[in-house]
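# Architecture at a glance
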Number of protein chains: 2
Amino acid sequence: MPAPSSSSRISLPEITARLRDEIPLTRAMGFSITGWDGRLVTLSAPLSVNQNHADTAFGGSISSMGILAGYSLLYILLQEREISTRILIQKSATDFLRPVDTDLTAIAALPMAEAIEEFVETLKRKRRSRMTLESQILSGRSLAATHSGLYVAMIY
Amino acid sequence: MPAPSSSSRISLPEITARLRDEIPLTRAMGFSITGWDGRLVTLSAPLSVNQNHADTAFGGSISSMGILAGYSLLYILLQEREISTRILIQKSATDFLRPVDTDLTAIAALPMAEAIEEFVETLKRKRRSRMTLESQILSGRSLAATHSGLYVAMIY
């Protein structure tokens, strides 16, 4: 299937490199953005550098992957619309459902088109807009944790 | 002021070294436990390795410091009582109130004595017990974020 035309400007290795450069801890986590299909963004990180005392993933790494999944989704969404913003997180909540004993995968999906348009509209009007983005962290193919993040984007 | 006798078995450098060894990301974060007065545990980490694209602390580092503050508190509490457990986090929630533009400090305080006794009692009876622990993350001396963590300890 050809990539959606809206995604043609997006280079995942380039965004990954920028985030790794700007946020050194993501480099230590071995984080990368591995997929974007125009709706779902997928992030990956190896278990080895993210493990805890129980040889499963450290809670802080799981929360960070959730935070980064929503952040990356919003980053791509705004880059596709060629809107330059600073994105910050205001609230982060993680429910740990089962241990992650494989490399980490985090997935975040775009919300409904209406919510996106409202977000972008507010951003253009007030130079600042907020959106809640949900993400899932997987162990293999099983759901291991859910993350909810409230993000604010600011045009500066 | 002399240390409370209950803390005399606790070596902060030893606990820090163990956590850094078991959770490699805490080493990358430059995390250490810098204070324990029998009621409050204090954690520190340098801003440099924990910064984001805005030169303030990365949200994932702030959440991780919150998670680690509660974890360290529970670890010390159980070590003082000579109870060997595995501690895991089940829920983590962070409210980011203002940017952290200094080295990171996280503080967690012991809950009321009654809550601790109930927690320990349940742990001994059911070999498993849960407790919510709140922590604060500071920027300089200002409150920058609050963290609430639900932890489970299991005797194995």
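Just so we're clear, the structure is a prediction, and the values are computed from it rather than from any experiment.

Attention shifts here to the overall build of chain A. Per the secondary structure count, chain A includes four helices and six strands. Its helices and strands in sequence order give chain A the pattern α-α-β-β-α-β-β-α-β-β, from N to C terminus. Taken along the three principal axes of its C-alpha coordinates, chain A extends 50 × 35 × 30 Å. A buried classification covers 51% of the 156 residues belonging to chain A.

This next bit is on helix α3 (residues 59-80) of chain A. All names here are of chain A. Taking 1.5 Å of rise per residue, 22 residues should cover 32 Å, and α3 covers 32 Å from first to last C-alpha, within 8% of that figure. With 21 of 22 residues buried, α3 lies mostly within the body of the structure. Downstream of α3 by a residue or two, E82 has a phi angle that is positive, lying close to 55°.

Glancing now at the interface of chain A and chain B. Contacts between the two partners involve 34 residues from chain A and, on the opposite side, 34 residues from chain B. In this structure, B:D95 engages A:K91 in a salt bridge whose closest nitrogen and oxygen atoms are separated by 3.1 Å. Taken together, the connections running from chain A to chain B amount to 12 residue pairs in polar contact (both at pLDDT 80 or more). At the level of elements, α2 (24-28), α3 and β3 (86-96) of chain A are the ones that each hand at least two residues to the side of chain A that touches chain B. Taken together, the residues of the side of chain A that touches chain B break down into 16 nonpolar, 14 polar and four charged. With five bridges joining them, β3(A) and strand β3 (residues 86-96) of chain B adopt antiparallel strand pairing. Paired with A:S92 across the strands is B:T94, a residue of β3(B).

With that settled, consider the pairing of strand β2 (residues 40-45) of chain A. On a regular strand, one side chain projects to one face of the sheet and the next to the other, so that they alternate. Residues and elements named next belong to chain A. Residues V41, L43 and A45 line the buried face of β2, whereas the alternating positions L40, T42 and S44 sit on a face that is not buried. Hairpin connection, strand β1 (residues 32-36) to β2: the antiparallel pair is bridged by three residues, and G38 has positive phi, about 95°. Where β2 lies against strand β4 (residues 104-109), six bridges are found, and the strand directions are antiparallel. In the strand pairing of β4, L43 is matched with A106.

The next thing to look at is the packing of aromatic side chains. Applying the stated criterion across every chain, the model contains two aromatic pairs over all chains. Sitting over the ring of A:Y156, A:R86 keeps its end group 5.0 Å from the ring centre.

Residue and element names in this part refer to chain B. At their nearest, the axes of helix α1 (residues 12-22) and helix α3 (residues 59-80) sit 12 Å apart, and the two run at 120° to each other. As far as their axial angle goes, α3 and α1 are oblique. In terms of crossing hand, the pair formed by α1 and α3 is right-handed. On the side of α1, the interface is formed by L12, I15, R18 and L19, while α3 contributes Y71, S72, Y75, I76 and Q79. Here the residues of the contact of α1 with α3 are counted per class, giving six nonpolar, two polar and one charged.

To continue, consider the relation of the copies chain A and chain B. Of the transformation placing chain A onto chain B, the axial shift is 0.0 Å and the rotation is 180°, giving an RMSD of 0.0 Å. Here the copies are linked by what is in effect a two-fold axis. Residues of chain A ranked by C-alpha distance from the rotation axis are headed by A:A93, positioned 2.1 Å from it. Most of the interface of chain A is mirrored in chain B, where 100% of its interface residues are also at the interface.

Along the chain, A:R127 falls in the loop between α4 (113-126) and β5 (128-139). Apart from the residues within four sequence positions on either side, A:R127 is in contact with A:T122, A:A153, A:M154, A:I155 and A:Y156.

Okay, the sheet that holds strand β6 (residues 142-154) of chain B next. A sheet is described by the order of its strands in space; here 12 strands give the open sequence β1(A)-β2(A)-β4(A)-β5(A)-β6(A)-β3(A)-β3(B)-β6(B)-β5(B)-β4(B)-β2(B)-β1(B), paired in antiparallel fashion. Bordering the open sheet on either side are β1 of chain A together with β1 (32-36) of chain B, each of which pairs with just one other strand. Averaged over all adjacent pairs, the angle separating strand axes in this sheet is 25°, with direction ignored. Here five bridges tie strand β4 (residues 104-109) of chain B to strand β5 (residues 128-139) of chain B, and the two strands are oriented antiparallel to one another. By the bridge assignment, B:A108 is partnered in β5(B) with B:S135.

Let us now look at helix α1 (residues 12-22) of chain A. All names here are of chain A. Inspection of α1 places L12, I15, T16 and L19 among the buried residues, and these make up the whole buried set. The buried residues of α1 occupy one face: seen down the axis, they fall within an arc of 100°. For α1, the exposed residues set more than 90 degrees away from the buried face come down to P13, E14 and D21.

All names here are of chain A. Summing up the model confidence of chain A, the mean pLDDT is 93 and the portion of residues at 70 or higher is 95%. Here residues 1-6 scores under 50 on pLDDT; set against residues more than four positions off or in separate chains, the count is three contacts. Two numbers describe this predicted complex: its pTM, 0.94, and its ipTM, 0.93.

What counts as what
Per-chain numbering applies: the sequence of each chain, read as written, is numbered from 1 onward. Lettering for chains starts from A, numbering for ligands starts from 1, and both go in the order in which the items are written. Predicted model: local features are reported for residues with pLDDT of at least 70 only, side-chain atom pairs are reported and counted for 80 or more only, and whole-chain, interface and lining totals are derived from all residues. To get the side-chain values, take all heavy atoms of the structure and skip hydrogens and water. A run of H or I in DSSP becomes a helix once it reaches four residues, and a run of E becomes a strand once it reaches two; helices and strands are each numbered from the N terminus. Buried, partly exposed and exposed residues are distinguished by accessible area as a fraction of the type maximum, computed with a 1.4 Å probe on protein chains only: under 20%, between the cut-offs, and over 50%, respectively. To estimate how far a helix should extend, the number of its residues minus one is multiplied by 1.5 Å. Contacts are residue-level and defined by heavy atoms, with any inter-residue pair within 4.5 Å sufficient. Whenever a carboxyl oxygen of Asp or Glu lies within 4 Å of a side-chain nitrogen of Lys or Arg, that contact is scored as a salt bridge. In protein, a polar contact means a hydrogen-donor-capable atom and an acceptor-capable atom, both N or O and within 3.5 Å, with residues adjacent in sequence counting only if both atoms are side-chain atoms; elsewhere, any N or O pair within 3.5 Å suffices. Polarity classes work like this: nonpolar for Ala, Val, Leu, Ile, Met, Phe, Trp, Tyr, Cys and Pro, charged for Asp, Glu, Lys and Arg, and polar for all others, with Gly in that last group. Strands are labelled as partners when DSSP assigns at least two bridges between them. Two aromatic rings from Phe, Tyr or Trp, using only the six-membered ring of Trp, form a pair when their centres are within 6.5 Å; if the ring planes differ by under 30 degrees the pair is stacked, by over 60 it is edge-to-face, and anything between is tilted. We call a charge positioned over a ring when the NZ of a Lys or the CZ of an Arg lies within 6 Å of the ring centre and within 35 degrees of the ring normal. Axis definition: a line fit to C-alpha positions, over the contact stretch in the case of helices; interaxial angles, taken between N-to-C directions, run 0 to 180 degrees. Orientation categories follow fixed angle ranges, with anything under 35 degrees roughly parallel, anything over 145 roughly antiparallel, 65 to 115 roughly perpendicular, and all other angles oblique. Should the near helix be turned anticlockwise from the far one by less than a right angle, the crossing is left-handed, and should it be turned clockwise, the crossing is right-handed. Copy-to-copy superposition: least squares on the C-alpha atoms, limited to residues that have pLDDT of at least 70 in both copies. Along the arc lie the directions from the helix axis toward the C-beta atoms. Scored from 0 to 100, pLDDT records how confident the predictor is in each individual residue.

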